[in-house]
Amino acid sequence: MKSFIYASRAQRVVFGPGSLAGLAAELDTLGLRRALVLCTPPQRAQAERVAALLGAARVAGIFDQAVMHVPIEIARQAQRTARELGADCAVAVGGGSTIGLGKAIALDSGLPVIAVPTTYAGSEMTPIYGITEAGLKKTGKDDRVLPRSVVYDPELSLSLPVTMSVTSGINAIAHAAEGLYSVEGNPIMDLMAQEGIRALAQALPAIHAGAGGEDLLQARGDALYGAWLCGTVLGSVGMALHHKLCHTLGGSFNLPHAEVHTVVLPQALAYNAAAAPQAMARIAAALGAPDAAAGVFDLAHALGAPTALRDIGMREEDLDRACDIALQTPYPNPRPLERVALRALLQNAYEGKRP
Ligand code: NAD
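All values reported here derive from a predicted model rather than from experimental measurement.

**Looking at the nonpolar core**
Ranked by internal contacts, the top residues of the largest apolar core, which has 73 residues, are Leu101, Tyr120, Leu269 and Ile283. Lining this core are residues from two domains, each supplying at least three of them: domain 1 (12-157) and domain 2 (162-351). Contact partners of Leu269, with chain neighbours within four places excluded, come to Ala177, Tyr181, Met280, Ile283, Ala292, Ala293 and Val296. If you look at the next biggest cluster of nonpolar residues, it comprises 24 residues, including Ile312, Ala322, Leu345 and Ala349.

Following this line, the structure appears as structure tokens:
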């Protein structure tokens with residue numbers, strides 16, 4: 001039998017349609033009085049709605065400049081704003097970019113973060129932060145950045161465009177898939193991972209098919225539930241080759257986060273298939289497909305998501321350099337990293353070859 005270590009984290013999760021209405025009570029429960037509400041420029045209206053629900057007395061202000069990968073200048077500006085307005089917590093309303101900005105404030109000041117996720121990226125469930133300085137994204141782990149409370153309200157994800165919903169959902173599936181063959185894996189995370197993949201694999205086609213009314217809210221709720229489980233796996237066990245490749249491609253070649261995950265995952269699973277048969281069987285079962293790698297590829301393809309790096313801005317002449325970077329400080333992986341095989345993986349990802 002496999003030995004394992006399991007550690008749980010202190011975090012509240014409030015889940016359900018309409019749960020946003022309980023955000024003020026959530027702050028009160030945590031003894032927090034003045035929130036700086038964070039969002040991206042396009043999500044300003046959602047942040048204003050959140051601020052209105054909290055009531056003027058609980059809101060220090062709205063900071064609406066969150067952008068992808070948390071540039072240090074924006075992080076400093078947000079940290080300064082939080083100080084100047086006397087905020088005692090940050091309420092991050094948005095996806096991984098906005099929650100990442102909340103984490104940057106927490107890292108600097110220790111202010112607690114309350115997350116209200118509107119995508120499926122999963123950052124709200126992890127103590128992982130990332131800040132970009134001079135074009136380099138530095139990441140690290142610190143329990144101070146783990147959101148104290150997470151309010152998941154599927155109604156807020158209704159406005160997430162379908163294409164983004166699909167790639168964001170497959171981004172979440174990637175956390176769970178790699179969790180299933182992580183060297184730090186444990187039985188609790190295996191259960192969460194398999195269930196998270198199942199929930200997303202069932203919900204995404206319904207969202208893509210344009211389900212309406214109650215069916216859409218059910219599908220959005222199922223997808224968010226899957227995202228919660230997959231995010232928990234990401235926050236609990238170490239990731240492997242797939243995440244290393246995505247950090248390389250996203251960070252060094254400026255490719256869009258969720259799309260890169262969507263394109264690379266089938267290829268990374270194919271690379272690891274023979275070295276992690278039990279994980280692959282669980283992924284395939286959760287997808288309801290005969291094969292894990294082909295199953296993810298077919299899901300992405302059927303839902304109109306990109307399957308080739310060349311379609312999301314990668315240049316073929318950069319593949320060798322990407323391979324070199326991916327081989328530096330590799331993450332533990334079930335199959336050792338072999339240059340020739342890794343280069344072939346990247347070529348397949350570039351061309352969008354079905355595994
Ligand atoms: P994002 O937060 O950048 O959001 C993408 C776009 O969608 C933004 O313009 C945003 O405003 C918009 N959007 C989000 N939700 C919406 C909604 N419901 N309706 C309408 N528009 C909406 O994208 P993301 O994929 O969630 O996050 C990516 C970033 O998060 C990356 O920088 C990645 O590295 C980071 N991340 C970090 C962790 C971690 O654990 N630290 C985990 C996952 C992702």
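**Structural notes on the packing of helix H6 (residues 187-208) against helix H10 (residues 277-287)**
One can describe the packing of H6 onto H10 by two numbers: an axis separation of 7 Å at closest approach and a directional angle of 35 degrees. As for how H6 packs across H10, the hand of that crossing is right-handed. Contact residues: H6 offers Asp190, Leu191, Gln194, Ile197, Arg198 and Ala201, while H10 offers Arg282, Ile283, Ala285, Ala286 and Leu287. Classifying every residue of the contact of H6 with H10 by side-chain character gives 7 nonpolar, 1 polar and 3 charged.

**A few points about the site of the ligand**
Taken together, 23 residues form the shell around the ligand, and within it Thr40, Ser97, Thr118, Thr119 and Thr126 come nearest. The contact in question runs from a nitrogen atom of the ligand to an N or O atom on the side chain of Thr118, over 2.7 Å. Contacts to the ligand include Thr119, whose side-chain N or O atom sits 2.6 Å from an oxygen atom. Contact with the protein chains removes 84% of the 860 Å² of surface that the ligand exposes when unbound. Among the elements that line the shell around the ligand, the one with the most residues is helix H4 (residues 96-109), at 3 residues. In terms of residue class, the shell around the ligand is made up of 8 nonpolar, 13 polar and 2 charged.

Quick notes on the rules
- Residues numbered from 1 in each chain as written.
- Predicted model: local features only at pLDDT ≥ 70, side-chain atom pairs only at ≥ 80, totals over all residues.
- Heavy atoms only, no water.
- Core = buried A, V, L, I, M, F, W, Y, C linked by side-chain atoms within 4.5 Å.
- Buried < 20%, exposed > 50% of the residue type's maximum accessible area, 1.4 Å probe, protein only.
- Domains from an automatic or database assignment.
- Contact = heavy atoms within 4.5 Å.
- Axes fitted to C-alpha atoms, helices over the stretch in contact; angles between N-to-C directions.
- Helix = DSSP H or I, 4+ residues; strand = E, 2+ residues; numbered from the N terminus.
- Left-handed = near helix turned anticlockwise from the far one by under 90°.
- Nonpolar A, V, L, I, M, F, W, Y, C, P; charged D, E, K, R; others polar.
- Near = heavy atom within 4 Å.
- Polar contact = N/O pair within 3.5 Å; in protein donor to acceptor, adjacent residues only side chain to side chain.
- Areas by Shrake-Rupley, 256 points an atom, 1.4 Å probe, with all protein chains shown as cover.

By themselves these figures say nothing about function.
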